[in-house]
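Fold and geometry: a report
Single-letter residue listing:
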Amino acid sequence: MYKAAVIGDRQSVMGFRALGLTVECAETPEQASGALHRLAETNHAVIYITEQLASKIPQEIAQYLDLPQVAVIPIPSKDGVLGIGDRELHSAVERAVGADILRSPDGD
Amino acid sequence: MARLNVNPTRMELSNLKRKLATATRGHKLLKDKRDELMRQFLEIVKSCQLLRQEVEKELVIAYQGFSAASALLSPEMIEQTFLYPKQSVEIDMSFQNVMSVQVPVYGIKTKTDEAADIFPYSFATTPAELDDSVLRLSALLSKMLTLAEKEKTVKLLAQEIEKTRRRVNALEYVMIPQYQETIRYIVMKLDENERGNTTRLMKVKDMVLKDAGYGREPA
């Protein structure tokens with residue numbers, strides 16, 4: 001049986017604890033990457049990480065990009081949406097198609 | 001395009017013809033695979049984008065409740081509130097085969113099904129905003145899981161498409177032209193040898209006839 005986890009700052013992720021998800025509070029990039037690897041090794045299939053932290057450890061997250069067993073998904077934190085999740089979708093499209101065809105013509 | 005470094009023999013020629021046939025067939029198959037992958041990929045990407053926007057919006061609303069609650073309660077109180085969760089979530093992961101790419105499909109199993117039964121704290125000491133936010137999050141969980149599933153699928157498909165595209169291009173622009181070039185070279189060489197042989201035979205015949213006294217004048 002697999003589990004789901006959330007990594008983020010205390011205030012953003014505390015609510016997920018009530019839902020029964022594994023919650024790792026991390027304030028620094030080091031803590032976040034440590035938590036990420038620890039969770040990935042302990043049967044967590046889905047790991048949500050706040051965009052604020054995800055933006056600081058892109059290499060660590062990229063390690064899990066092509067692994068089907070672990071999905072690392074950026075979510076917004078209490079400080080708002082940074083658009084990293086959206087950007088990841090764009091880069092996936094770019095990787096597959098060769099050009100970002102989702103981007104609207106006005107450069108958004 | 002450079003031709004392969006092979007001996008121009010009939011054996012080599014028939015080998016190369018066989019290889020060219022395989023490469024052409026492989027190229028067609030891979031091209032079909034790439035096109036189908038791309039179709040499914042774009043379909044999922046579009047729904048994924050919409051879902052992400054929806055989830056992000058909902059999450060931000062849920063966070064507002066938590067911010068309000070943490071303004072009213074001390075950090076220690078909040079810590080204590082969520083110290084021992086009632087609910088637990090397990091994920092049932094199976095794999096689905098999309099054009100030979102294994103993509104995960106998540107099922108969700110919760111300990112308590114009752115939406116009102118998930119609060120691990122007493123209502124008396126906590127603000128109502130907290131309850132709202134927890135409920136909102138719990139309703140959002142299945143959507144978040146679908147998002148995770150779709151995003152992972154998008155990433156895995158992207159990887160596979162990239163790989164397939166490279167293979168298609170390698171076959172189309174390198175392997176197949178190379179084989180064609182080499183086959184043409186061998187055929188030319190063999191024909192040339194054949195012509196050389198015929199000329200030589202004619203020449204020898206002339207010499208033999210001349211020696212025997214039947215020689216005709218050289219042209």
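The name given to chain B in an unreviewed UniProt entry is V-type ATP synthase subunit D, and the organism recorded there is Yanshouia hominis. Taken from UniProt, the Function (unreviewed entry) comment for chain B reads in full: "Produces ATP from ADP in the presence of a proton gradient across the membrane."

Looking at an unreviewed UniProt entry, one finds chain A named V-type ATP synthase subunit F, with Yanshouia hominis as its source organism. Comment text from UniProt for chain A, heading Sequence similarities (unreviewed entry), reads "Belongs to the V-ATPase F subunit family."

All names here are of chain A. With respect to burial, strand β3 (residues 44-50) is a largely interior element, seven of its seven residues being buried. Pairing of strand β1 (residues 3-8) with β3 involves five bridges; the strand directions are parallel. Bridge pairing links Ile7 to Ile49 in β3. Where β3 and strand β4 (residues 71-75) come together, five bridges link them in parallel fashion. From the neighbouring strand, Ile47 faces β4, where its bridge partner is Val72.

The buried fraction of β1(A) amounts to five of the six residues, a majority that puts the element mostly inside the structure. The β-α-β motif built from β1(A), the intervening helix α1 (residues 10-18) of chain A and the parallel element strand β2 (residues 22-25) of chain A has right-handed crossover chirality.

Turning our attention to the layout of surface pockets. Taking a probe equal in size to a water molecule and rolling it over the atoms shows the remaining empty space. In this structure, the largest pocket encloses a volume near 310 Å³. What lines the largest pocket is a set of 14 residues, among which A:Pro58, A:Ile61, A:Leu65, A:Glu88 and A:Ser91 lie closest to the centre. Where the lining of the largest pocket is concerned, the elements lending two or more residues are α4 (58-62) and α5 (84-97) of chain A together with α3 (128-211) of chain B. Per-element tally for the lining of the largest pocket: the top contributor is α5(A), with six residues. Across the lining of the largest pocket, the residue classes tally to eight nonpolar, two polar and four charged.

All names here are of chain B. Between helix α1 (residues 10-72) and α3, the least distance of the axes is 3 Å, while the angle of their chain directions is 160 degrees. Classified by the interaxial angle, the pair formed by α1 and α3 is roughly antiparallel. As α1 runs across α3, the sense of the crossing is left-handed. Residue composition of the contact of α1 with α3, grouped by class: 38 nonpolar, 11 polar and 19 charged.

Bringing the nonpolar core into the picture now. Counting 60 residues, the largest nonpolar core has A:Phe16, A:Val46 and A:Tyr48 as its most contacted members. At 14 residues, the largest contribution of residues to this core is made by α3(B). With residues up to four places along the chain from it excluded, the contact list for A:Phe16 reads A:Val6, A:Leu21, A:Val23, A:Ile75, B:Leu59, B:Tyr63, B:Leu137 and B:Met144.

Right, let's get into empty space enclosed by the protein. Going through the model one piece at a time under the given rule, you end up with two cavities of 30 Å³ or more. Within this model, the largest cavity holds a volume of roughly 60 Å³. Surrounding the largest cavity, A:Ile61, A:Tyr64, A:Leu65, A:Ala71, A:Val72, A:Ile73, B:Lys152 and B:Lys155 form its lining. Breaking the lining of the largest cavity down by element, the ones donating at least two residues are β4 of chain A together with α3 of chain B. The greatest single-element share of the lining of the largest cavity, amounting to three residues, is contributed by β4(A). Each residue belonging to the lining of the largest cavity can be placed in one class, and the counts come to six nonpolar, no polar and two charged. Counted as a void, the second largest cavity has a volume near 50 Å³.

Reading guide: rules and limits
- Residues numbered from 1 in each chain as written.
- Chains lettered and ligands numbered in written order.
- Predicted model: local features only at pLDDT ≥ 70, side-chain atom pairs only at ≥ 80, totals over all residues.
- Heavy atoms only, no water.
- UniProt positions renumbered as here; feature names shortened; annotations may be inferred.
- Buried < 20%, exposed > 50% of the residue type's maximum accessible area, 1.4 Å probe, protein only.
- Helix = DSSP H or I, 4+ residues; strand = E, 2+ residues; numbered from the N terminus.
- Pairing = 2+ DSSP bridges.
- Right-handed = clockwise from strand over helix to strand, strands pointing away.
- 1 Å grid on protein atoms, 1.4 Å probe; cavity = no way out; pocket = protein on both sides within 12 Å on 5 of 7 lines; lining within 4 Å.
- Points joined across faces, edges and corners; volume = space filled by probe spheres on them.
- Nonpolar A, V, L, I, M, F, W, Y, C, P; charged D, E, K, R; others polar.
- Axes fitted to C-alpha atoms, helices over the stretch in contact; angles between N-to-C directions.
- Parallel < 35°, antiparallel > 145°, perpendicular 65-115°, else oblique.
- Left-handed = near helix turned anticlockwise from the far one by under 90°.
- Core = buried A, V, L, I, M, F, W, Y, C linked by side-chain atoms within 4.5 Å.
- Contact = heavy atoms within 4.5 Å.

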